[in-house]
Amino acid sequence: MGSQRHSSKKECFILSVDVGTTSIRCHVYDKEANVRGACTTEVVPLYPETGYVEMDPDAIWKGFITVVKGAVQDAGVQMRQIEAMGISTQRGTFTTWDRTTGVPFHNFISWQDQRAADLVKSWNSSCTMKAIHASMKVIYLVTRQKRALAASLIVFSTQHVTFRLVWALTHYKQVRQAVAEDNCCFGTIDTWILFKLTKGGSREEVGSMPRTTPTPVQRESLTLIRSGVCSVCLLFLFKVPASLFLSFPCFFSQMCWSGFLSFLVSLPLSIFPKVENTDHYFGSTDPSIFGVSIPILSVMADQQAAMFGECCFDVGDVKITMGTGTFMNINTGSKPHTSVAGLYPVVGWKIVSEVVYLAEGNAADTGTAIKWAQELELFSDVQETSDMAYSVSHSDGVCFVPSFSGLQAPHNDPKACASLMGLKPSTTKSHLVRAILESVAFRNKQLYETMLRETCIPITKIRVDGGVSANDFVMQLTADLFGRKISRPQHYETSCLGAAFLAGLGKGFWRTKEELKRLQVIDKTYLPQGAPKGGACSPNVEYIPALRSWERALRRSMNWYKP
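Worth saying up front: this structure is predicted, and the values here are computed from it rather than measured. (Residues numbered from 1 in each chain as written. Predicted model: local features only at pLDDT ≥ 70, side-chain atom pairs only at ≥ 80, totals over all residues. Heavy atoms only, no water.)

Helix and strand counts for the chain come out as 20 helices and 22 strands. Across the 563 residues that make up the chain, the buried fraction comes to 60%. Sequence-distant contacts, at least 24 apart, represent 73% of the contacts inside the chain between residues at least 6 apart. Surface exposure of the chain reaches about 21900 Å², of which carbon and sulfur atoms provide 54%. (Helix = DSSP H or I, 4+ residues; strand = E, 2+ residues; numbered from the N terminus. Buried < 20%, exposed > 50% of the residue type's maximum accessible area, 1.4 Å probe, protein only. Contact = heavy atoms within 4.5 Å. Areas by Shrake-Rupley, 256 points an atom, 1.4 Å probe, with all protein chains shown as cover.)

This is the structure:
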């Protein structure tokens, strides 16, 4: 895969858009998966109050249109040459809107938003939760089943949609009124974009205006009350183990929303979109938008799209995306994973009748920590950081804990603080930068070991993507700590590519997954240096003292903030 700019009018292309937390980007791909045209625009977050993080729906929509037109122009092609569109979006950011007019009732409430913190805290300490915990502990004592133990550890989080949506229904009068009048739609960014692109829905598919725009089965940010295949993603929404729901096969027997869970958290079923396969025909763009009608053949969540773009189709394939945060996914095949350490199962994709599940762990402050260091003027250009880290042989005993947003798996401590320990008069900027980059690799190691221990699935390959994966120091240290080969693709933005791949398969632009694998071009492969101690998954001996010091610093950073 490369970048080219010339085309004949007979050529056809696949277009893909990724709506992320900080940017919206569009790529135009040819048959060889070369990026023939690209365009990017910034996403500007809004902070109306302390703890509130929002996005303007109109700005998202205008940005979407801008990058599509810009990428097609950059490719030097015509809109009529675009055979299909794929869409990838961030997870957990939602809005509600008027079913008749399409006008939003409020801004998008971001996945980073904390407005429902008190509500989450109340639920976590409620009698309902205590009863669930107690009953699951009893079941575990009797059955010794891991899924029962996992269910006894259920906690809710503000990171996902559930209680932020409950908050919106409670605080926005116009939303409650629209619900009462059966005139309210709910959706994450993907559903909102589909609503706008199709002018309210796919008339071609059902012959009349649907009640709500479809949403893909793997959109876990919507899965609080889905039964059927996608109920497993309840875990991601609640940030809890799926085990409680894996005990009830009826949740996996059909593709619908669960009335019971909806009742439990007081959310009306009428506002939710129809759940469809990931490769569903989601309708076509209205001709008034781009001058032609473009079929929308895939809609994916960003991490699942990146997994698909990395061609991690087989059980044991691992993908590590390092951007604002780190997201590590492993393909678990046809069975969802049960975790007690903070990994959560998500639906990777559902194509025809095949459902692929992933287990996911994340560290929230990867790119955030590097950006923070840049704002402190430890360096001027991010590309300098790898050389700065290599310019010193160690961090001078300095340890950095990247937990601005608490610690995720395997620690699961929202009250942890970010910290910088071990400073000395001899400490230089290069030592500080090395300590920060080491912390990224150390967190990667923790997630990787948790994944190995929890899933017991042999790792087949490891692929990396995202902006931070361009850092050679981080990637080489990660390979050393894993004791495994790590490959980085030529193009880091694999969420766009994954959505394009799936749309192309639906159109027949590409025929098989094996064909997609052959289109993969590896930019660089990192091999572990030095003989690992104690087996292939042990760190390089050289790093054991530094890793132990860092783990000690991490423990001191935990439970720092009062509840």
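Let us now look at the sheet that holds strand β13 (residues 296–301). Taken in spatial order, the five strands make up an open sheet running β3-β2-β1-β5-β13, and their pairing is mixed. Edge strands, defined here as strands with exactly one partner in the open sheet, are β3 (35–42) and β13. Taken pair by pair, the neighbouring strands of this sheet meet at an average axis angle of 15°, ignoring direction. Relative to strand β2 (residues 23–29), strand β1 (residues 13–19) runs antiparallel, the two sharing six bridges. Looking across to β2, one finds that Asp 18 is bridged to Arg 25. In the packing of helix α13 (residues 302–309) onto the sheet, contacts are made with β1, β5 (82–89) and β13, and the angle to β13 comes to roughly 110°. (Pairing = 2+ DSSP bridges. Axes fitted to C-alpha atoms, helices over the stretch in contact; angles between N-to-C directions.)

It is a general feature of regular strands that their side chains alternate between the two faces of the sheet. Most of strand β17 (residues 354–363) is tucked away, with nine of its ten residues classed as buried. Between strand β16 (residues 344–351) and β17, which pair antiparallel in sequence order, lie two residues; one of them, Val 352, sits at a positive phi of approximately 55°.

Moving on: the side chain of Thr 326. Inspection of the secondary structure puts Thr 326 in strand β15 (residues 326–333). Relative accessible area serves as the criterion here: at 1%, Thr 326 is assigned to the buried category. Reaching out from Thr 326, the side chain makes a polar contact with the side chain of Thr 366 at a distance of 2.6 Å. (Polar contact = N/O pair within 3.5 Å; in protein donor to acceptor, adjacent residues only side chain to side chain.)

Summed over the entire model, instances satisfying the criterion amount to 19 salt bridges. In this structure, Asp 113 and Arg 115 form a salt bridge, with 2.8 Å as the shortest nitrogen-oxygen distance. For Glu 514, the salt bridge identified is with Lys 517, shortest N-O distance 3.5 Å. With Glu 514 and Lys 517 both in helix α19 (residues 513–519), this residue pair falls three residues apart, about one helical turn. (Salt bridge = Lys/Arg side-chain N within 4 Å of Asp/Glu carboxyl O.)

A separate point is helix α16 (residues 429–455). Think of an α-helix as 3.6 residues a turn; residues three or four steps apart then line up on the same face. Compared with the 39 Å implied by 1.5 Å per residue over 27 residues, the 39 Å span of α16 between its first and last C-alpha is a close match. In the stretch just after α16, Cys 456 is the one whose phi turns positive, near 55°. (Expected span 1.5 Å × (residues − 1).)

Another point: the side chain of Asp 18. In this fold, Asp 18 is placed in strand β1. Within the buried set, Asp 18 has no salt-bridge partner at all; the shortest N-O distance to an opposite charge, 4.1 Å, is to Arg 25. A polar contact of 3.0 Å, which involves the side chain of Asp 18, links it to the side chain of Ser 88. In this structure, Asp 18 is in contact with Ser 23, Ile 24, Arg 25, Ser 88, Thr 89, Asp 302, Ser 495 and Cys 496, ignoring residues within four places of it in sequence. (Lys, Arg positive; Asp, Glu negative; His and termini not counted.)

Quick look at the packing of aromatic side chains now. Applying the stated criterion across every chain, the model contains 21 aromatic pairs. Residues Phe 186 and Phe 272 carry aromatic rings whose centres are separated by 5.3 Å and whose planes lie at 70° to one another, so their mutual orientation is edge-to-face. You can see Phe 186 sitting in strand β8 (residues 184–188) and its partner Phe 272 sitting in the loop between α11 (259–264) and β12 (275–276), a full 86 residues away along the chain. For Phe 186, a relative accessible area of 1% translates into the label buried. For Phe 272, a relative accessible area of 6% puts it in the buried group. Between the aromatic rings of Phe 501 and Trp 510, the centroid separation amounts to 5.2 Å while the plane-to-plane angle is 90°, which identifies the pairing as edge-to-face. Trp 510 carries the same exposure label as Phe 501, and that label is buried. Lying over the aromatic face of Phe 509, Lys 31 brings its terminal NZ or CZ to 4.7 Å of the ring centre. (Phe/Tyr/Trp six-rings, centres within 6.5 Å; stacked < 30°, edge-to-face > 60°. Lys NZ or Arg CZ within 6 Å of the ring centre and 35° of its normal.)

It is worth spelling out unusual backbone geometry at this point. Between Ala 409 and Pro 410 the backbone carries a cis peptide bond, its omega angle lying at 5°. Take Pro 410: it is sitting in the loop between β18 (399–401) and β19 (419–421). The phi dihedral of Asp 182 falls on the positive side, at around 55°, and the residue is not glycine. Note that Asp 182 resides in the loop between α6 (173–180) and β8. For Asp 182, a relative accessible area of 35% corresponds to the partly exposed category. The backbone phi angle of Cys 456 is positive, close to 55°, even though this residue is not glycine. In this structure, Cys 456 sits in the loop between α16 and β20 (461–465). Given a relative accessible area of 64%, Cys 456 falls into the exposed group.

At a minimum axis separation of 5 Å, helix α5 (residues 161–171) and α6 run at an interaxial angle of 90°. Overall, the two elements α5 and α6 adopt an arrangement that is roughly perpendicular. Seen from α5, the contacting residues are Ala 168, Leu 169, Thr 170 and His 171; seen from α6, they are Lys 173, Val 175, Arg 176 and Val 179. Counted by class, the contact of α5 with α6 contains four nonpolar, two polar and two charged residues. (Parallel < 35°, antiparallel > 145°, perpendicular 65-115°, else oblique. Nonpolar A, V, L, I, M, F, W, Y, C, P; charged D, E, K, R; others polar.)

Turning next to the nonpolar core. For soluble globular proteins, nonpolar side chains are generally found buried alongside one another. One finds Ile 320, Met 322, Met 328 and Ile 462 to be the most contacted residues of the largest nonpolar core, which totals 52 residues. If one sorts the elements of this core by residue count, α16 sits on top with eleven residues. Ile 320 has contacts with Thr 326, Phe 327, Met 328, Ile 462, Arg 463, Val 464, Asp 465 and Phe 482, leaving out every residue within four places of it along the chain. Formed by 39 residues, the second largest nonpolar core is a distinct cluster that contains Val 67, Met 79, Ile 87 and Trp 192. (Core = buried A, V, L, I, M, F, W, Y, C linked by side-chain atoms within 4.5 Å.)

Low pLDDT means the predicted coordinates in that region are not meant to be read closely. Averaged over every residue, the pLDDT of the chain is 86; residues scoring 70 or more account for 87%. When the criterion is pLDDT under 50, residues 202–212 qualifies, and its contacts beyond four places in sequence or with other chains add up to 29 contacts. Every residue in residues 219–253 is under pLDDT 50, and counting partners more than four places away or in other chains gives 153 contacts. (pLDDT = per-residue confidence, 0-100.)

Following the criterion strictly, the structure yields zero disulfides and no others. Left without a disulfide partner, Cys 184 is nearest to the cysteine sulfur of Cys 185, which lies 6.7 Å away. Cys 184 sits in the buried class, given a relative accessible area of 1%. Of the residues examined, Cys 185 reaches a relative accessible area of 1% and is grouped as buried. (Disulfide = S-S within 2.5 Å.)

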